[in-house]
Amino acid sequence: MERTLSLIKPDGVAKNIIGEVIKRFETAGIKVVAMKKLHLSQKQAEGFYAVHKERPFFKSLTEFMTSGPIVAMVLEGEDVIAKNRKLMGATNFKNAEEGTIRRDYATDIEKNVVHGSDAPETAAFEIAYFFSTMEIVG
Ligand code: CMP
């Protein structure tokens, strides 16, 4: 069993597709073992995306991520990091496969509806960034 962090970004929450995203996870046999809705501060967004701090899109990305509420979830399942990334589709929705969340709902490379951890090490950091162990109920 593996765990990963999933975020529904401000554009996804504004589009009212929280349920749609969760339905796709559950249909794929993925379990939601923790969930909360929150509005990130600029500092919190910068801390979460610290690996991208030298990238040209960092300021815009962190401002976007603080522009409205988000939903954070811990997902659990076999090979869930890769499974979640397959369900999300490529970062740039223009390259995302048909039937993926980003292909269906993203409007640009930044406003791409969802985030998912890309490896076990990042998943461990990202899950701990949002949830304490007591908040994760498998
Ligand atoms: P995410 O998977 O959350 O990881 C970093 C985010 O930066 C990415 O999704 C996009 O929302 C955003 N982003 C904006 N521009 C780019 C870019 N050129 N390449 C990658 N990510 C970008």
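That block above? That's the structure.
Remember, it's a predicted structure, so these values are computed and weren't measured experimentally. Per-chain numbering applies: the sequence of each chain, read as written, is numbered from 1 onward. This being a predicted model, a pLDDT of at least 70 is required before a residue's local features are given, and a value of 80 or more before pairs of side-chain atoms are given or counted; all residues contribute to the totals for chains, interfaces and linings. The basis for every side-chain value is the complete set of heavy atoms in the structure, and neither hydrogens nor water enter the calculation.

Bringing the pairing of strand 1 (residues 2-8) into the picture now. The element strand 1 is largely enclosed, with a buried count of five among its seven residues. When strand 1 meets strand 3 (residues 70-77), the two strands line up antiparallel, connected through seven bridges. When the bridges of strand 3 are listed, Ser6 appears paired with Met73. Bridging between strand 1 and strand 4 (residues 114-116) involves three bridges; their strand directions are antiparallel. Bridge pairing in strand 4 links Ser6 to Gly116. Throughout this description, buried means an accessible area under 20% of the type-specific maximum (1.4 Å probe, protein chains only), exposed means over 50%, and partly exposed covers the range between. Put simply, DSSP H or I for four residues or longer makes a helix, DSSP E for two residues or longer makes a strand, and each gets a number counted from the N terminus. Two strands qualify as a pair provided DSSP detects at least 2 bridges between them.

A few words on the sheet that holds strand 2 (residues 31-38). On the basis of which strands lie adjacent, the open sheet formed by four strands has the order 2-3-1-4 and antiparallel pairing. Of all strands in the sheet, those with a lone pairing partner are strand 2 and strand 4, marking the two edges. In this sheet, neighbouring strand axes are inclined to one another by 20 degrees on average, regardless of whether the strands run parallel or antiparallel. Contact criterion: two residues are considered in contact whenever any of their non-hydrogen atoms come within 4.5 Å of each other. Axis lines are fitted to C-alpha atoms, over the contacting stretch for helices. Their N-to-C directions set the angle, which ranges from 0 to 180 degrees. Seen against the sheet, helix 2 (residues 18-27) touches strand 1, strand 2, strand 3 and strand 4 and runs at an angle of roughly 10 degrees to strand 3.

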